[in-house]
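Per-entry structural report
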Amino acid sequence: NLKRKLSVSLRVSVQMARAASEYDPYMVLGVGRSASQAEVKRAYKNLAKEWHPDKNKDPKAEDMFIKVSKSYEILSNEERRSNFDRYGQMEENQPLGQSQHQGFRGFHNSFYFDESFFHFPRSRDFADSKYLLHHAGFNSDVLPDSHKRPYLIKVTSEWCFACIHIEPVWKETVLELEPLGVGIGIVDLGYERRLAHQLGAHRAPSIIGLVNGRVTFFHQAVVREHLRQFIEDLLPHKLVERITDNNYLAFLESWRVENKPSVLLFDQVPVVPLLYKLTAFAFRDYVRLGFVDQGDAHNTRLLRQFNINTYAPTMLLFKEDTEHPVDIIQARGMKRQIMDEFVSNNKFLQVPRLVNQQLFDELCPVKQFHRRRKYCVLLITGEDPAFLPGSKAFLDFASVNRKDVLRFAYVYQRQQNHQNIQTLTRVRLPICASSDSRRSHAGKVMYRSVSGGWNGSEEDKYRLHEQLELLQKDPTYLSSDATLPELNNEMAPIFIIQWMNAAYDYIVQMYDDLLYSNWREMMPILSLIFSALFILFGTVIIQAFSSREEMYIQFKAFPAPSLSVIGPRSRPPKKDFVEVTELTDITYISNLVKLRPGHINVVLVLTGASKNALLRKFAKEVFSFSGTQTLHFSFLNGDKHRHWMPSLLRSTSESLPSEGQSDDEEGEESPDYAGHVLALNGHKKYFCLFRPVFTGEDPNDSSEDGTGPKRGSSRATSIEVHHKLDRLGLWMERLMEGTLPRLQVPAWPPLGETTASFTES
């Protein structure tokens, strides 16, 4: 075993050394050893365009592009180029190219290395240990922090030779992006499988971007410029607005709507630097950032007005006063730490508007110690122009009385229409009174209303100043208390915007997964798609092959002029059709047995042969009564339920000689009930019967209203069958008048096996 392990180790070392010796960056770029930097750069650009994976669909394009990029990194650096010319080796003696590592990866997957036997140290660099992420720490710290700064996460594992290949580029990228404010993380695929599964990473190496809790995979060649652009693309668009002489006034005046200070960044670069975008992302809830290109000819008036030094980047911060900045900073090497400190000290306006609970919690924090206690002076006002003078006077008072223990704010009573907020003040004047308050836990505040309200007069300012002095000397001066509910978020987007943003993110994520993911990662999405298609087409097929008789049938009916008279309790129809439902084992219970009190179901008995003709005639005759809410219309197929009509007629309290059958007639053919109409009252268990008009040779052998006994109508032809319902309109009028005879039944006969238990009860 010892010899076998030693031979395997030596074989791997020899292969790595051979791969390193065979790699020649001069040959990859196609230049000589005496080539100048300009020639090297020109060769790199041509080859990068040729082998870029997005343009070249050759399977070896990505490997070749990586070799070209790494070769340029070696030859463009004088120290690395000198080392290669002297020793024929690269930095850290690492083989390059993904194709060179596939043999090692397959070998590693099929063989087990016992590190404890050789006492090998871990291959991970000690400097990477501070970036290692764990499942609990990721969810508690990194995930919430991704709403303030983006994270670049590398998924790696031991014995991953491709991970060794990208290590130099990764280190350079970390050194560049971490000082700008980008979070760095490393996930060990072997030790943190739970976290890797949460991120959706199933292979190493993988590079992931994390912004606002959303995971995005990096799919390009691992080059520093690509990683930098990847982080920039993850950030939301329009974080920094381009400012010129034409729009700077509108930008500075936007504090009234946005309720945020405005920051102008002056620099001599045409493109907004990534540092400024990251700062804007971190403080997007507090300030608005605008970028001014000092080299643009459209910004000369802006530079002259604020006297900007064009030799160094400059930051101006504006609050309510749009002509004079409240703070200025200028530095040749603008650092992230300087910008964070500058913005953190000016996150709020002089008198901000309370637009959500988060702002209220930061301005008026919960009390801790007496020395750290903050007192909030709150003006409850309105949005109408009549309130503007008082609000302007309140702003002037706050600008003069700047103290660390005092915070000034205002709230629109209409926007925060809480009853408890209204109780904070005793309003006697059009302008709401201001109040001094200090908070405790559970939303409880101690406050005191300023007597007389607030008009912004000198007398009001003097009275408010006097009460603030008393408050700072004696905290018990706040004598009233109230429990405030959570404030409404006035800046929250409407539901449709939130839904559209969520849908866009989901579609982009699906597109990214389908475009780049392997089959293992795509299986859940493909399973969901095929399941939805199966359900969709399965439903269509079932409906196509199901009996049309069980569907809702709608017949357009245009009643004849002679039948246009509506009964005394009927209503004009609201639709130009009649809805007719088939009585089946499923609908029998709801349409008859459990029919609501006062409701009647008018049922037409038909056969398969007479169905179309009778239904059209039935719809025409009952159309005038379809507007009555207590009437329902159904049909019963006598071919399917041939025993239901005889059972119903036999169960009536009075004899029906025409429908009855003697024992010696049971073997004969059953009578034809097609054209019979029944008005069924399921609650009171009675029905009214309409017998069809005789359509045989003797047309006079029929009663006037269709209620008397008739002979069998089996002689009727298909042409004459619709005449069976010629008297149905008159019968319906008598039904609405309540003059038809009612036949009582002890219980409704079952339509099938499934309804037997219900009808018997």
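Residues numbered from 1 in each chain as written. Predicted model: local features only at pLDDT ≥ 70, side-chain atom pairs only at ≥ 80, totals over all residues. Heavy atoms only, no water.

The name given to the chain in an unreviewed UniProt entry is DnaJ homolog subfamily C member 16, with the source organism recorded as Cyclopterus lumpus. What the UniProt record of the chain gives under Subcellular location (unreviewed entry) is the line "Endoplasmic reticulum membrane". For the record of the chain, the UniProt heading Function (unreviewed entry) holds the text "Plays an important role in regulating the size of autophagosomes during the formation process." (UniProt positions renumbered as here; feature names shortened; annotations may be inferred.)

1. Here's the deal with the nonpolar core
Core analysis: the biggest nonpolar cluster contains 58 residues, and Leu152, Leu265, Tyr276, Met315 and Leu354 have the highest contact counts within it. In terms of residue count, the dominant contributor to this core is helix α14 (residues 274-282) (6 residues). Residues in contact with Leu265, not counting those within four places in the same chain, are Tyr276, Leu289, Gly290, Phe291, Val292, Thr314, Met315 and Met339. Listed in part, the 30 residues of the second largest apolar core include Ile600, Phe625, Tyr686 and Leu735. (Core = buried A, V, L, I, M, F, W, Y, C linked by side-chain atoms within 4.5 Å. Buried < 20%, exposed > 50% of the residue type's maximum accessible area, 1.4 Å probe, protein only. Helix = DSSP H or I, 4+ residues; strand = E, 2+ residues; numbered from the N terminus. Contact = heavy atoms within 4.5 Å.)

2. What to know about unusual backbone geometry
Following Ala204, the chain continues into Pro205 via a peptide bond in cis, with omega recorded as 0°. Within the secondary structure layout, Pro205 lies in the loop between α10 (193-199) and β3 (206-211). One non-glycine residue, Lys238, adopts positive backbone phi at about 60°. Structurally, the position occupied by Lys238 is in the loop between α11 (224-234) and β5 (240-242). Judged by its relative accessible area of 81%, Lys238 is exposed.

3. Focus: the pattern of salt bridges
In a structure, side chains of opposite charge can pair up when their charged atoms sit close to one another. Evaluation of the coordinates by the stated rule reveals 21 salt bridges. The closest approach of N and O atoms between Glu167 and Lys154, which form a salt bridge, is 2.8 Å. With Glu167 in helix α9 (residues 161-177) and Lys154 in strand β1 (residues 151-156), this pair connects stretches of sequence that are 13 residues apart. Under the relative-accessibility criterion, Lys154 is labelled buried at 2%. Here Glu621 ties to Lys617 by a salt bridge, and the two come within 3.3 Å at their closest N and O atoms. Note that Glu621 and Lys617 are positioned in helix α24 (residues 611-622) at a spacing of 4 residues, about one turn of the helix. Pair check on accessibility: Glu621 and Lys617 agree, each one buried. One salt-bridge network, in which partners are shared between bridges, spans Glu172, Glu176, Arg224 and Arg228. (Salt bridge = Lys/Arg side-chain N within 4 Å of Asp/Glu carboxyl O.)

4. Comments concerning the packing of aromatic side chains
Scanning the entire structure with this criterion turns up 15 aromatic pairs. Ring centres of Tyr286 and Phe348 lie 6.0 Å apart, and the angle between their planes is 80°; this geometry places the pair in the edge-to-face category. Taken together, the positions of Tyr286 in the loop between α14 and β7 (288-293) and Phe348 in the loop between α16 (336-344) and α17 (357-363) put the pair 62 residues apart, joining distant regions of the chain. Consider the rings of Tyr588 and Trp644, whose centres lie 6.4 Å apart with planes at 85°: the pair is edge-to-face. One end of the pair, Tyr588, is in helix α23 (residues 587-593); the other, Trp644, is in helix α25 (residues 644-650), with 56 residues separating them in the sequence. Clustering of aromatic rings is evident, with ring pairs tying together Phe394, Phe397, Phe408 and Trp454. (Phe/Tyr/Trp six-rings, centres within 6.5 Å; stacked < 30°, edge-to-face > 60°.)

5. Details of the environment of Lys260
The topology assignment puts Lys260 in the loop between α13 (255-258) and β6 (262-267). With relative accessibility at 17%, the residue Lys260 sits in the buried group. Between the C-alpha atoms of Lys260 and Asp285, which are 25 residues apart in sequence, the distance is 8.2 Å. In this view, Lys260 contacts Trp255, Arg284, Asp285, Tyr286, Val287, Arg288 and Leu349; residues no more than four positions away in its chain are not counted.

6. Looking at the sheet that holds strand β9 (residues 327-330)
The pairing of strands in a sheet comes from backbone hydrogen bonds and takes either a parallel or an antiparallel form. In space, the 5 strands of this open sheet follow the order β5-β7-β6-β8-β9, with mixed pairing throughout. Whereas interior strands pair on both sides, the edge strands pair on one side only; in this sheet they are β5 and β9. On average, each strand axis in the sheet is tilted by 25° relative to the strand beside it, whichever way the strands run. Bridging between β6 and β7 involves 6 bridges; their strand directions are parallel. Along β7, the bridge assignment pairs Val263 with Leu289. (Pairing = 2+ DSSP bridges. Axes fitted to C-alpha atoms, helices over the stretch in contact; angles between N-to-C directions.)

7. Structural notes on the sheet that holds β1
Here 4 strands make up an open sheet; going across it, the order is β2-β1-β3-β4 and the pairing mixed. With one partner strand each, in any of the chains shown, β2 (183-188) and β4 (214-217) form the two edges of the open sheet. Each strand axis lies, on average, 25° off the axis of its neighbour in the sheet, ignoring direction. Relative to β4, β3 is paired through 4 bridges, and the arrangement is antiparallel. Bridging across to β4, Val211 finds its partner in Arg214.

8. Some points on a positive patch on the surface
A surface patch of like charges, here positive, comprises Lys41, Lys45, Lys49 and Lys55. Checked against the element boundaries, Lys55 lands in the loop between α3 (37-51) and α4 (61-76). (Patch = residues over 30% accessible without salt bridge, like charges linked within 9 Å, V, L, I, M, F, W, Y side chains within 5 Å. Areas by Shrake-Rupley, 256 points an atom, 1.4 Å probe, with all protein chains shown as cover. Lys, Arg positive; Asp, Glu negative; His and termini not counted. Charge placed at Lys NZ, Arg CZ, Asp CG, Glu CD.)

9. Regarding the pairing of strand β20 (residues 686-690)
Within β20, 5 of the 5 residues are buried, which leaves the element mostly enclosed by the surrounding structure. In β20, alternate side chains face the same way, and those of Tyr686, Cys688 and Phe690 on one face and Phe687 and Leu689 on the other are all buried. Here 5 bridges tie strand β19 (residues 677-681) to β20, and the two strands are oriented antiparallel to one another. If you follow Asn681 over to β20, its bridge partner there is Tyr686. Linking β19 to β20, which pair antiparallel, is a turn of 4 residues; within it Lys685 sits at a positive phi near 60°. Here 2 bridges tie β20 to strand β21 (residues 743-744), and the two strands are oriented antiparallel to one another. Residue pairing in the sheet places Tyr686 in a bridge with Gln744 of β21.

10. Overview of the packing of α9 against α11
At a closest axis distance of 9 Å, the pairing of α9 and α11 adopts a crossing angle of 45°. Looking at the two axes, α9 sits oblique to α11. In the crossing of α9 with α11, the sense of the turn from one axis to the other is right-handed. Where α9 approaches α11, its residues Val169, Glu172, Thr173, Glu176 and Leu177 are matched on the opposing element by Arg224, Leu227, Arg228 and Ile231. Considered class by class, the residues forming the contact of α9 with α11 number 4 nonpolar, 1 polar and 4 charged. (Parallel < 35°, antiparallel > 145°, perpendicular 65-115°, else oblique. Left-handed = near helix turned anticlockwise from the far one by under 90°. Nonpolar A, V, L, I, M, F, W, Y, C, P; charged D, E, K, R; others polar.)

11. A closer look at a nonpolar patch on the surface
On the surface, Ile529, Phe530, Leu533, Leu536, Phe537, Val540 and Ile541 cluster together to form a nonpolar patch covering roughly 680 Å² of accessible area. Note that Leu536 resides in helix α22 (residues 519-545).

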